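One-letter residues, chain by chain:
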Amino acid sequence: MNITVNGEQRTAGDGTTIRQLLEELQIPQTRVAVEINLEIAPKATYGERTLQDGDRIEIVHFVGGG
């Protein structure tokens, strides 16, 4: 299936979850927020929420500092 991640087209296997996508992209689940089709996905659903063909995913990294 075709998805868009942070503005870039990607392919993903059917049934791919948010957690699997983050692992594939080597992005730790801590300190990120994931938005799918303009809706924030709760962290508790990352292992269950499957992606669908045409989904637009935005992954935002939290950066500490001061």
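Data block above holds the structure.
Residues numbered from 1 in each chain as written. Predicted model: local features only at pLDDT ≥ 70, side-chain atom pairs only at ≥ 80, totals over all residues. Heavy atoms only, no water.

## Details of the overall build of the chain
When helices and strands are tallied, the chain shows one helix and five strands. Scanning the chain from its N terminus toward the C terminus, one meets helices and strands in the order β-β-α-β-β-β. Taken against the 2.2 N^0.38 rule, which gives 11 Å for 66 residues, the C-alpha radius of gyration of the chain at 12 Å falls within 12% of a compact globule. Every one of the 66 residues in the chain was classed for burial, and the buried ones make up 32%. A separation threshold of at least 6 residues defines the contact pool for the chain, and within that pool the share at least 24 residues apart is 53%. Of the accessible surface of the chain, which amounts to about 4,400 Å², a share of 48% is contributed by carbon and sulfur atoms. (Helix = DSSP H or I, 4+ residues; strand = E, 2+ residues; numbered from the N terminus. Rg over C-alpha atoms; globule rule 2.2 N^0.38 Å. Buried < 20%, exposed > 50% of the residue type's maximum accessible area, 1.4 Å probe, protein only. Contact = heavy atoms within 4.5 Å. Areas by Shrake-Rupley, 256 points an atom, 1.4 Å probe, with all protein chains shown as cover.)

## Focus: the nonpolar core
With 16 residues, the main nonpolar core has Ile 3, Ile 18, Leu 22, Val 34, Leu 51, Ile 57 and Ile 59 as its most contacted residues. Of all the secondary structure elements, the ones that give two or more residues to this core are strand E1 (2–5), helix H1 (18–24), strand E3 (32–36) and strand E5 (56–61). Those residues in contact with Leu 51 that sit more than four places away from it in its chain are Met 1, Ile 3, Thr 16, Thr 17, Ile 18, Leu 21, Ile 36 and Ile 57. (Core = buried A, V, L, I, M, F, W, Y, C linked by side-chain atoms within 4.5 Å.)

## Observations concerning the pairing of E5
Pairing of E1 with E5 involves two bridges; the strand directions are parallel. In the strand pairing of E5, Val 5 is matched with Ile 57. (Pairing = 2+ DSSP bridges.)

## A word on unusual backbone geometry
Even without glycine at this site, Gln 26 takes up a positive phi of about 60°. In this structure, Gln 26 sits in the loop between H1 and E3. You can call Gln 26 exposed: its relative accessible area is 72%. If you check the backbone angles, Arg 31 has positive phi at about 65° while not being a glycine. For Arg 31, the location among the structural elements is in the loop between H1 and E3.

What is shown is where atoms sit, not what they do.
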